[in-house]
Amino acid sequence: MKCEEVRELLEALHDNELVPETRAAVVEHVQGCSGCARALRDLEVLRPVIAKAGRFVTPAELRARIIRTLRHRDAGFARGWRWRTLSALVASHAAMIIGGGLIVYVATSDYLRHGSATREVVAAHVRSLLDERRLALTSGDQHTVRPWFAGKLDFSPEVVNLEQDGFPLLGARVDYVDGRYQAALEYTRRNHKITVFEAPADETWVNATRRSVHNGYNVIQWVSGGLSYQAISDLNGSELGHFAALLRRKSKE
Ligand SMILES: [Zn+2]
């Protein structure tokens, strides 16, 4: 196992959520790798602190930064999706801003929630790469894959085959990620796997494409037609961006 794979699984190891074979592989790696062992120790120390921070009052400095970002939003001052996302979240609750601190707390909780959601989908992607039986259905035919989800999920996912564009669909599975069952579609590009998670978008999603890099994996998240999409891969950012744009366009057709 590579270090970046192990890093994605440390939280699951800490929470005792790994299947025995994966757990054994992670533990073996950590015992022989000082970097990953340190990351696990840091996690053990930090987890309770982060959990508390999510529940209690937002630091004043962070609060001031959010308000500054809001003020300068239209002047193009806010750089980076984190602050743009925060300002969009806060703006969506504009009526409550007058209420003061509460809204900052809500926005910050959403921000923290999205950070952990990203970690979860990356971890789910890495887990799937390690599991030989990861695809419950092996098919690149959208007319086979889409009906296969019926009865397995409480929503109907979009399934698009992008084979002609160089991103063949390999198959599908249902995965439990971020507290709900999601459709997971697997695509490939020159031996790089791409997982796309789809689920109904709740009110914490904002209508903007977000890109992030998490332990070497590129993540692109967007909302379309009431569904949230999260594409994860070790493919380079520009090709994954091309893939996401194609998927977004074709799922609307
Ligand atoms: Zn390592």
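Relevant structure appears above.
Residues numbered from 1 in each chain as written. Predicted model: local features only at pLDDT ≥ 70, side-chain atom pairs only at ≥ 80, totals over all residues. Heavy atoms only, no water.

A. Summary view of the sheet that holds strand 5 (residues 210-214). Spatial ordering of the open sheet is given by 1-2-3-4-7-6-5, a layout of seven strands whose pairing is antiparallel. The open sheet is flanked by strand 1 (137-138) and strand 5, the only strands paired with a single partner. Here strand 5 runs beside strand 6 (residues 217-224); their pairing, made up of five bridges, is antiparallel. Across the sheet, Ser212 pairs through a bridge with Val219, a residue of strand 6. Contacts from helix 9 (residues 237-250) reach strand 3 (180-189), strand 4 (192-200), strand 5, strand 6 and strand 7 (227-233), with the element oriented near 20° to strand 6. (Pairing = 2+ DSSP bridges. Helix = DSSP H or I, 4+ residues; strand = E, 2+ residues; numbered from the N terminus. Contact = heavy atoms within 4.5 Å. Axes fitted to C-alpha atoms, helices over the stretch in contact; angles between N-to-C directions.)

B. View of the pairing of strand 2 (residues 169-177). Strand direction decides the pairing type here: strand 1 and strand 2, joined by two bridges, are antiparallel. Bridging from a neighbouring strand, Thr138 pairs with Gly171 of strand 2. Bridging between strand 2 and strand 3 involves eight bridges; their strand directions are antiparallel. Bridge pairing links Leu169 to Tyr187 in strand 3. From the end of strand 2 to the start of strand 3, which pair antiparallel, there are two residues, and Asp178 there has a positive phi angle of about 55°.

C. Spatial organisation of the environment of Ile232. Secondary-structure assignment places Ile232 in strand 7. For Ile232 and Ala123, which are 109 residues apart along the polypeptide, the C-alpha to C-alpha distance reads 9.9 Å. Leave out the neighbours within four places in its chain, and Ile232 touches Val121, Val122, His125, Lys193, Ile194, Thr195, Phe197, Tyr217, Asn218 and Val219.

D. Representation of the pairing of strand 4. When strand 3 meets strand 4, the two strands line up antiparallel, connected through seven bridges. Among the inter-strand pairings, Tyr187 is bridged to a residue of strand 4, identified as Ile194. Remark: two residues form the turn of the hairpin made by strand 3 and strand 4, two consecutive strands paired antiparallel; Arg190 in that turn has positive phi of roughly 45°. Note: strand 4 against strand 7, seven bridges, orientation antiparallel. Paired with Glu198 across the two strands is Tyr229, which belongs to strand 7.

E. Region of the structure containing the packing of aromatic side chains. For the coordinates displayed, the defined rule picks out five aromatic pairs. Arranged with centres 4.8 Å apart and planes meeting at 65°, the rings of Tyr176 and Tyr181 form a pair that is edge-to-face. We classify Tyr176 as partly exposed; its relative accessible area is 46%. Pairing Tyr187 with Phe243 gives two aromatic rings, centres 5.0 Å apart and planes at 70°, and the pair type is edge-to-face. Separated by 56 residues along the polypeptide, Tyr187 in strand 3 and Phe243 in helix 9 bring together distant segments of the chain. Each member of the pair Tyr187 and Phe243 is classed as buried. The lysine or arginine in question, Arg189, covers the ring of Phe167, its NZ or CZ lying 4.2 Å from the ring centre. (Phe/Tyr/Trp six-rings, centres within 6.5 Å; stacked < 30°, edge-to-face > 60°. Buried < 20%, exposed > 50% of the residue type's maximum accessible area, 1.4 Å probe, protein only. Lys NZ or Arg CZ within 6 Å of the ring centre and 35° of its normal.)

F. Structural view of the coordination of the zinc ion. The coordination sphere of the zinc ion, as far as protein atoms go, consists of Cys3 (SG), His29 (NE2), Cys33 (SG) and Cys36 (SG), spread over 2.0 to 2.3 Å. Bound by four donor atoms, the zinc ion shows angles of 101 to 114° at the metal and therefore tetrahedral coordination geometry. All donor residues of the zinc ion come from one chain, and their arrangement in sequence is C-x25-H-x3-C-x2-C. Each member of the pair, Cys33 together with Cys36, is buried. (Donors = N, O, S within 2.8 Å, 3.2 Å for Na, K, Ca; no water. Tetrahedral: all angles 85-135°; square planar, octahedral: opposite > 155°, others 65-115°.)

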